[in-house]
Amino acid sequence: MDQEIEKRNKQSSREEEKSEQEKFVYDGSVDYKGKVPVRASTGIWIASLFVLTIEFSERVSFFGIAANLISYSLRPKISYLTKVMHEDLKTAAKNVNYWTGTTTLMPLIGGFLADAYTGRFPMVLFSSLVYLMGLSLLTMSQYIPNLKPCNTKTCLQPRKLHQVVFFLSLYCISLGTGGHKPCLESFGADQFDEDHIEERKKKMSFFNWWNFALCFALLLGATVIVYVQDFVSWGAASLILTILMALCIIAFYVGRPFYRYRRPQGNTLKPILQVLVAAIRKRKLSCPSNSDLLYEVPKSDNTQGRFLSNTSKLRFLDKAAIIEDTQIDQKKNPWRLTTVTRVEETKLILNVIPIWLTSLTTGICVAQGSTLFVKQAASMNLKLNDSFSIPPASVSSAAAIGTIIFVPIYDRIIVPSMRKITGNERGISILRRISIGIAFSVIVMIVAALVEAKRLRMHEHEMLRTGETGEKTMKLMSVFWLVPQYFLLGFGDAFSLVGLQEYFYDQVPDSMRSLGMALYLSVIGVGSFLSSFLITIVDHVTEKNGKSWFGKDINSSRLDRFYWMLAIINALNLCAYIIIAKRYTYKSVQRTGNEMNDCERDGVEMMT
């Protein structure tokens, strides 16, 4: 009888605990009052909509401004740096590269500061206000008489004050992006509880819809905003962007009661250094066969977030958690003894490095979409009819359209189907998803090479024909031949870029997630720099061996050979990536109740 009563009490206790878990969110986050968040009234899609809205406005602004700085627009004479600021092409390109490089590197600083000291919400809010200041300065530089380039329609030499204010506005936008980009996406993902099955599934969809909103913003910025810049004025476009950003910042702030917040964890790089130092100090010790003998703080004293389980990789680092005889009763010195969780977090950072390196070819291929592919488009037939031509830079929006089309299909059809087949909550594991994206990069480069080879053959044929007949006009290859490679690039982005976003959020320590998103952004930035570096090297080598693959114009170049080279590089990189991914161990989080940890759910099945 007593046993039956005890059994009922335990069952009742479990039900109460489960009810408590359903009512409140116990993942280390707090609500805007600093209390444990109520699950029903905070987080998930209600909060994420506010986050997606401000991201959409920021990306519309960025792409709208960047598209017309130097590249081909609806009317190429309106490219701002070359025709309004009267910079030569070399100087303009250099200024754009400086700005782009700064914008790429700033998220590393912003992400670190948010994780360590400020928290994500304050950093996003502060960065958005800096961004708004940049847009406001840009608008004022177009409307205030003393700040305008000139007071006349034809301006041969813009005012120095205008140049100062214009570039100040651009770098304010760059500074704002540095805190905005890495923190906002991680803050959006923070709205989902990873220890709750349904919320964890919704979190996986969040990254898909984040990319959907980003691509839609790119499409709008590169078309509608550019159109306003060209046919109305830069001032009108800047005013629209400023008002849009101001409204979205207000909406983002109004959403405060719905958010779940993560407290900053202090200097996130210091614990990693402590693990390395402690492991080196104990390098002569042997790791125990039983991982339970390694040091971990009691759950009741835990202040460092979720516990991580010990993994078998990089066993040398486990020595940092070995308890020496002299440390049993003494105060624990973190430079001599660290917890298993800290050791595993260090392993996570070291595991990220090879994945980051093998992902860079994805960034190289993405860079072609806004550079060499656009040069191809500029040399092709852009006419839709006798009165309207497609601007070359706008052709790149086909990649965004490809992603916009594919993401809902992936999220609503492919993922549910694959969940039934694989039994994986994600449908396709993170690293496998990235590998499919890299495979798409190979296909994109092959298609691009075939299309460019056909274009060159057609150009040579037309050169011979016009030479024989004396005609002044040549039949150009239609720009729509580029649409398949752009669509494939967009499909690949839905796998690789979205997969990388999820990977760099999920597989870094919880306390470094903003920095993780900055690492994802650096894949794109470093990929762009590597693309320029490859072009320089290939140009130098091929010029020595005869004729350079990069001539004075695109018709005297051999971009098809460069694309074949990129296809081979991506194929070799894919092989290296698969080898690394097969040996990869996922983050192993200690779950509550009967839930499986990440390693059990996602781990070694990855590439098998």
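Just so it is clear, the model here is predicted, and its values are computed rather than measured. (Residues numbered from 1 in each chain as written. Predicted model: local features only at pLDDT ≥ 70, side-chain atom pairs only at ≥ 80, totals over all residues. Heavy atoms only, no water.)

Enquirer: Is there a simple way to think about the overall build of the protein chain in this case?
Expert: The number of helices and strands found in the protein chain is 17 helices and zero strands. In the protein chain, which comprises 608 residues, the proportion classed as buried is 53%. Across the protein chain, contacts joining residues at least 24 apart in sequence account for 79% of those joining residues at least 6 apart. Roughly 28400 Å² of accessible area belongs to the protein chain as shown, and the carbon and sulfur atoms make up 63% of that amount. (Helix = DSSP H or I, 4+ residues; strand = E, 2+ residues; numbered from the N terminus. Buried < 20%, exposed > 50% of the residue type's maximum accessible area, 1.4 Å probe, protein only. Contact = heavy atoms within 4.5 Å. Areas by Shrake-Rupley, 256 points an atom, 1.4 Å probe, with all protein chains shown as cover.)

Enquirer: Please explain the nonpolar core as it appears in this structure.
Expert: When a protein is soluble and globular, its nonpolar side chains tend to lie buried together. In this structure, Phe166, Phe252, Tyr259, Leu431, Ile434, Tyr503 and Phe504 are the most contacted members of the largest nonpolar core, which totals 75 residues. The element best represented in this core is helix α2 (residues 44-67), accounting for nine residues. In this view, Ile434 contacts Phe495, Ser496, Gly499, Leu500, Tyr503 and Tyr577; residues no more than four positions away in its chain are not counted. Counting residues in each nonpolar core, the second largest holds 41 residues, with Leu382, Phe406, Val407 and Tyr563 among its members. (Core = buried A, V, L, I, M, F, W, Y, C linked by side-chain atoms within 4.5 Å.)

Enquirer: Whenever I open this one, the packing of aromatic side chains confuses me. Can you help?
Expert: Pairs of aromatic rings are described using the distance from one ring centre to the other and the angle between the two planes. Counted according to the given criterion, the structure contains 36 aromatic pairs. Taking the centre distance of 6.2 Å and the plane angle of 90° together, the rings of Phe50 and Tyr259 count as edge-to-face. Taken together, the residues Phe50 in helix α2 and Tyr259 in the loop between α8 (234-254) and α9 (270-281) connect sequence positions 209 residues apart. The exposure class of Phe50 is partly exposed, given its relative accessible area of 22%. (Phe/Tyr/Trp six-rings, centres within 6.5 Å; stacked < 30°, edge-to-face > 60°.)

Enquirer: For this particular structure, what's the right way to read helix α15 (residues 513-544)?
Expert: Residues separated by three or four positions in an α-helix point in the same direction, a consequence of the helix having 3.6 residues per turn. For α15, with 32 residues, the first-to-last C-alpha span of 46 Å sits near the 46 Å given by 1.5 Å per residue. The sharpest bend along α15 comes to roughly 25°, located at Ser522. Phi turns positive, to about 140°, at Gly546, one or two residues after α15. (Expected span 1.5 Å × (residues − 1). Bend = angle between axes of the 7 residues up to and from the residue.)

Enquirer: I would appreciate a short explanation of a nonpolar patch on the surface in the present structure.
Expert: There is a patch of nonpolar side chains on the surface, built from Tyr143, Leu239, Ile243, Leu247, Ile250 and Val254 and spanning about 580 Å² of accessible area. Per-element accounting of the nonpolar patch gives the leading share, five residues, to α8. Residue placement: Leu239 occurs in helix α8. (Patch = residues over 30% accessible without salt bridge, like charges linked within 9 Å, V, L, I, M, F, W, Y side chains within 5 Å. Salt bridge = Lys/Arg side-chain N within 4 Å of Asp/Glu carboxyl O.)

Enquirer: Even after reading the chapter, I still don't get the packing of helix α14 (residues 483-506) against α15, so can you show me in this structure?
Expert: The axes of two packed helices give the description: the angle between them and the distance between them. The contact between α14 and α15 brings their axes to 7 Å, and the two run at 150°. Judged by the angle between their axes, α14 and α15 are roughly antiparallel. Relative to α15, the crossing made by α14 is right-handed. Residues Leu497, Leu500, Gln501, Phe504, Tyr505 and Asp506 of α14 touch α15, and the partners they reach there are Arg513, Gly516, Met517, Leu519, Tyr520, Val523 and Ile524. (Axes fitted to C-alpha atoms, helices over the stretch in contact; angles between N-to-C directions. Parallel < 35°, antiparallel > 145°, perpendicular 65-115°, else oblique. Left-handed = near helix turned anticlockwise from the far one by under 90°.)

Enquirer: I would appreciate a short explanation of unusual backbone geometry in the present structure.
Expert: With glycine set apart, most residues show a phi of negative sign, and most peptide bonds adopt trans. Backbone geometry at Ile44 places phi at a positive 45°, although glycine is not the residue there. Residue position: Ile44 is located in helix α2.

Enquirer: For this particular structure, what's the right way to read the pattern of salt bridges?
Expert: Once their charged atoms are close, side chains differing in charge can pair, the charge on each being opposite to the other. What the rule picks out here adds up to 23 salt bridges. Two residues, Glu344 and Lys347, come together in a salt bridge whose shortest N-O distance is 3.1 Å. Of this pair, Glu344 and Lys347 both sit in helix α10 (residues 340-370), separated by three residues, roughly a single helical turn. As far as burial versus exposure is concerned, Glu344 and Lys347 are alike and both buried. The shortest N-O distance in the salt bridge between Arg513 and Asp510 comes to 3.3 Å.

Enquirer: How should the packing of α15 against helix α16 (residues 559-582) be read in this particular structure?
Expert: Taken N-terminus to C-terminus, the directions of α15 and α16 make an angle of 120°; their axes are 12 Å apart at the nearest point. In terms of orientation, α15 and α16 fall into the oblique class. You can see that α15 and α16 cross each other, and the crossing is right-handed. Of the residues in α16, those in contact with Leu534, Ile535 and Val538 of α15 are Phe562, Met565, Leu566 and Ile569. Across the contact of α15 with α16, the residue classes tally to seven nonpolar, no polar and no charged. (Nonpolar A, V, L, I, M, F, W, Y, C, P; charged D, E, K, R; others polar.)

Enquirer: Help me understand the environment of Ile405, please; the structure alone is not making it clear to me.
Expert: Structurally, the position occupied by Ile405 is in helix α12 (residues 397-422). Between the alpha carbons of Ile405 and Phe212 there is a distance of 8.7 Å; along the sequence they are 193 residues apart.

Enquirer: For this particular structure, what's the right way to read the side chain of Gln507?
Expert: With respect to the helices and strands, Gln507 occurs in the loop between α14 and α15. Taking the relative accessible area as the measure of exposure, Gln507 reaches 0% and is therefore buried. Looking at Gln507, its side chain comes within polar contact range of the main-chain nitrogen of Lys587, at 2.8 Å. Those residues in contact with Gln507 that lie beyond four places of it in its chain are Leu348, Val352, Tyr584, Tyr586 and Lys587. (Polar contact = N/O pair within 3.5 Å; in protein donor to acceptor, adjacent residues only side chain to side chain.)

Enquirer: Any chance you could explain α10 here in plain terms?
Expert: Here α10 is 31 residues long and its end C-alpha atoms lie 45 Å apart, about the 45 Å a rise of 1.5 Å per residue gives. Burial of α10 is extensive: 23 of the 31 residues sit out of reach of the surface.

Enquirer: Help me understand the confidence of the model for the protein chain, please; the structure alone is not making it clear to me.
Expert: Low pLDDT means the predicted atomic positions in that stretch should not be read closely. Residues at a pLDDT of 70 or more form 86% of the protein chain, whose mean pLDDT is 83. Predicted confidence in the protein chain is weakest over helix α17 (residues 598-602), with a mean pLDDT of 41, and strongest over α16, with 94. Note on residues 72-78: pLDDT under 50 across the span, and 26 contacts to partners over four residues away in sequence or across chains. (pLDDT = per-residue confidence, 0-100.)

Enquirer: What should I look at first to understand the environment of Val124 in this one?
Expert: Take Val124: it is sitting in helix α5 (residues 120-143). Val124 gets classed as buried once you look at its relative accessible area, which sits at 0%. Linking Val124 and Pro182, residues 58 residues apart in sequence, is a C-alpha distance of 9.0 Å.

Enquirer: Would you take a moment to explain the environment of Thr339 for this structure?
Expert: For Thr339, the location among the structural elements is in the loop between α9 and α10. Residue class for Thr339 comes out buried when judged on its relative accessible area of 6%. Remark: the alpha-carbon pair of Thr339 and Pro271, spanning 68 residues in sequence, is separated by 9.9 Å. Looking at Thr339, its side chain comes within polar contact range of the main-chain nitrogen of Arg342, at 3.1 Å.

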